[in-house]
Amino acid sequence: MKHIIILGDGMADWPVKSLGGKTLLQSAKIPYMDKLAQMGRVGRLKTVADGFHPGSEVANMSVLGYNLPKVYEGRGPLEAASIGVELKPGEMAMRCNIICIEGDNIKNHSAGHITTEEADVLVKYLQEQLGDERVRFYTGVQYRHLLVIKGGDKRIDCTPPHDVPLKPFRPLLVKPMPGTENITTPEGQADLTPQQTADLINDLIMRSWELLQNHPINQKRMAGGKDPANSIWPWSPGYRPQMERLSDKFPQVKCGAVISAVDLINGIGYYAGLRRLIVEGATGLYDTNYENKVAAALDALKTDDFVYLHIEASDEAGHEGDISLKTLTIENLDSRAVGPVYEAVKNWDEPVSIAVLPDHPTPCELRTHTNEPVPFFIWYPGIEPDEVQTFDEVAACNGSYGLMREDEFINEFMKEIL
Ligand SMILES: [Zn+2]
């Protein structure tokens, strides 16, 4: 049997007043997802382990069955993988935003939505001026870049810059986590103490101001009325995660693929041992090219045993708080992804098991992620259906799988039945 997970990022939601108290999945027209939920079996999955923030990286790692407390190393190492930076033991990776600072405050976390092209010039300049044996900068995408510190200690307190727009930045500079100030060489990973690591990063931040302030790229941006990219802001440190490959856990997966426009998901795919398929027109937005993504997924299923098809659009619409746009993204997922995949594979000689689920809710009302369990269904030819007739958050409470945790969902999904 082959396996495909179709993940609608942030698709789950809360009951909405203007929809008569229905959730978006309940009110949207999703004939394929409803039909597969009817023909298959349904449950709910807790994708955010206790004590973790409901980030997409956390939730998608949980969908794949990874034990978060054991393997979670922050965003830095996932993003390193997605841009092809191989971390060696002892190398600490951090997401390194380039941001706009105005006076004593963080103006925004994205340097006024700087382009990758402009940012690349700045990041290369930072590497030239600040890079050495210990410190390396790598270009990522737009405002999202990478800082690798050899021998850094990850037990430092860093603030995600998108959480603190317009706040004074000085109190938010990097600090050692309480109680770690004087500890040296922990876990064999670091040769700097947390205090030394924090001092080094803060020094890099301050030196970046002088280098970036009058850089021609920024002079040009300011002349055009745009925000200058005048500071780095590193956060989310971690080492190479100890994630086993999907094929180690499930020997039937000899070859698998991931399709996503999101760096973090591609980074997870890298450590999971999935090959990354680049799809033209995959934007991570509601205008993404569903048809190309589905074509790539079906193509991969012909040779591979497992495909992870991730579609970001619903999450974006949820962050915008746009109920009709989010409804459209859910209906698109149904008619342009789930439907075509099902129609294509339903009669294949080698049966294909299909699971559809969100990673976490992104309620339009809240405009950010929550940690509630998400609904899922599993369908394959010959599965014994349960009573559930529709695919949504409420009906899923009656699903025969019940509430699953940790790797229960992926174990069930990958179970070889035929
Ligand atoms: Zn997400």
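Residues numbered from 1 in each chain as written. Predicted model: local features only at pLDDT ≥ 70, side-chain atom pairs only at ≥ 80, totals over all residues. Heavy atoms only, no water.

A.B. asks: Mind showing me how you'd approach the environment of I265 here?
C.D. replies: Note that I265 resides in helix 10 (residues 263–271). For the pair I265 and H310, spaced 45 residues apart in sequence, the C-alpha to C-alpha distance is 7.9 Å. Ignoring anything within four residues of it in the chain, the contact list for I265 reads S56, N60, V258, S260, Y308 and H310. (Helix = DSSP H or I, 4+ residues; strand = E, 2+ residues; numbered from the N terminus. Contact = heavy atoms within 4.5 Å.)

A.B. asks: Looking at this model, I keep getting lost on helix 8 (residues 216–223). Mind explaining?
C.D. replies: Since one α-helical turn is 3.6 residues long, residues separated by three or four positions face the same way. By the burial criterion, the buried members of helix 8 are I217, N218 and R221. The arc enclosing the buried residues of helix 8, seen along the axis, measures out at 90°, which places them on a common side. Exposed residues lying more than 90 degrees from the buried face of helix 8 are P216, K220 and A223. On its buried face, helix 8 is in contact with helix 6 (116–130) and helix 7 (194–213). At the exit of helix 8 stands G225, carrying a positive phi of roughly 80°. (Buried < 20%, exposed > 50% of the residue type's maximum accessible area, 1.4 Å probe, protein only. Arc of directions from axis to C-beta.)

A.B. asks: Got a minute to help me understand the coordination of the zinc ion in this structure?
C.D. replies: The coordination sphere of the zinc ion, as far as protein atoms go, consists of D9 (OD), D9 (OD), S56 (OG), D359 (OD) and H360 (NE2), spread over 1.9 to 2.7 Å. Sequence positions of the donors to the zinc ion reduce to the motif D-x46-S-x302-D-H. Here H360 lies in the loop between strand 13 (352–357) and strand 14 (374–379) and D9 lies in the loop between strand 1 (2–8) and helix 1 (24–27), a separation of 351 residues in the sequence. Both residues of the pair, D9 and H360, count as buried. (Donors = N, O, S within 2.8 Å, 3.2 Å for Na, K, Ca; no water.)

A.B. asks: Teacher, can you tell me more about the sheet that holds strand 14 here?
C.D. replies: Working definition: the strands of a sheet are paired by backbone hydrogen bonds and lie parallel or antiparallel to each other. Read from one edge to the other, the open sheet built from eight strands follows the order 11-10-12-1-13-14-2-15, with strand pairing classed as mixed. Sheet topology places strand 11 (275–276) and strand 15 (403–404) at the edges, where each strand pairs with a single neighbour. With two bridges connecting them, strand 2 (residues 41–45) and strand 15 associate as parallel partners. Bridge pairing links L45 to M404 in strand 15. (Pairing = 2+ DSSP bridges.)

A.B. asks: I tried to follow the pairing of strand 4 (residues 105–108) on my own but got confused; where do I start?
C.D. replies: One face of the sheet, then the other: side chains in a regular strand alternate in exactly this way. Strand direction decides the pairing type here: strand 3 (residues 91–102) and strand 4, joined by three bridges, are antiparallel. Pairing of C100 across the sheet is with N108, part of strand 4. Linking strand 3 back to strand 4 in an antiparallel pair, the connection comprises two residues, with G103 at a positive phi of about 60°.

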